[in-house]
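# A look at the structure
Read off the chains here:
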Amino acid sequence: QVQLVESGGGLVQAGGSLRLSCAASGRTFSGYGMGWFRQAPGKEREFVAAIRWSGGTTHYADSVKGRFTISGDNAKNAVYLQMNSLKPEDTAMYYCARSTSNYWYLSPIRYDYWGQGTQVTVSS
């Protein structure tokens, strides 16, 4: 069994930064892709960023490219999302999730373990 716990969310002004963390227990991320998703009230859950644990290749949604950076720490079994130049439209609940394979996917249905989420609110 895998448990994912996100942290690092909060309230920040537009233009500010936050760093989200996702810690895993139970099993390591090794051999899996890891993703960050977000969901705003009344909207569907959307892909934000992902990383392949083997090789470290990353992928970003166009809306966050150049502003967000995903990274991983194998020793700490953790995944991070550094968010810079935040905008009000980035306001959402942010979730980390483990892919069902070594690859990452854009669709949330291809992820089998999810954290409880951490709220990010960006004020204008």
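Above this text is the structure in question.
What this report covers is the structure whose coordinates are included nearby. (Residues numbered from 1 in each chain as written. Predicted model: local features only at pLDDT ≥ 70, side-chain atom pairs only at ≥ 80, totals over all residues. Heavy atoms only, no water.)

### Looking at the pattern of salt bridges
Condition: Definition used for salt bridges: Asp or Glu carboxyl oxygen within 4 Å of a side-chain nitrogen of Lys or Arg. A simple rule labels every residue: compare its accessible area, found with a 1.4 Å probe on the protein chains alone, to the largest value its type can have, and call it buried under 20%, exposed over 50%, or partly exposed in between.
All chains considered together, the criterion is met by five salt bridges. For lysine 65, the salt bridge is made with aspartate 62, and the minimal N-O distance between the two is 3.2 Å. Judged by relative accessible area, which is 66%, aspartate 62 ranks as exposed. Sharing partners across several salt bridges, the network here consists of Arg38, Glu46, Arg67 and Asp90.

### Some thoughts on the packing of aromatic side chains
The condition that has to hold: The rule is short: rings of Phe, Tyr and Trp, with Trp giving its six-membered ring, pair when the centres are within 6.5 Å, and they are stacked under 30 degrees, edge-to-face over 60, tilted in between. Secondary structure elements follow DSSP: runs of H or I no shorter than four residues count as helices, runs of E no shorter than two count as strands, and numbering proceeds from the N terminus. Placement of a positive charge over a ring is assigned whenever Lys NZ or Arg CZ falls within 6 Å of the ring centre and within 35 degrees of the normal to the ring plane.
Scanning the model with the defined rule gives seven aromatic pairs in all. Seen from their ring centres, phenylalanine 37 and tyrosine 111 are 5.0 Å apart, and the 80 degrees between their planes marks the pair as edge-to-face. Of this pair, phenylalanine 37 sits in strand S4 (residues 33–39) while tyrosine 111 is found in strand S10 (residues 111–114), placing the two residues 74 residues apart along the sequence. Grouping residues by exposure puts phenylalanine 37 and tyrosine 111 together as buried. On the numbers, 5.8 Å between centres and 75 degrees between planes, the contact of tyrosine 103 with tyrosine 105 is edge-to-face. Among the aromatic side chains, those forming a connected cluster through ring pairs are Phe37, Phe47, Tyr95, Tyr111 and Trp114. Over the ring of tryptophan 114 we find arginine 45, and its NZ or CZ is 4.7 Å from the ring centre. Here arginine 110 stacks its cationic end above the ring of tyrosine 105, 4.0 Å away from the centre of that ring.

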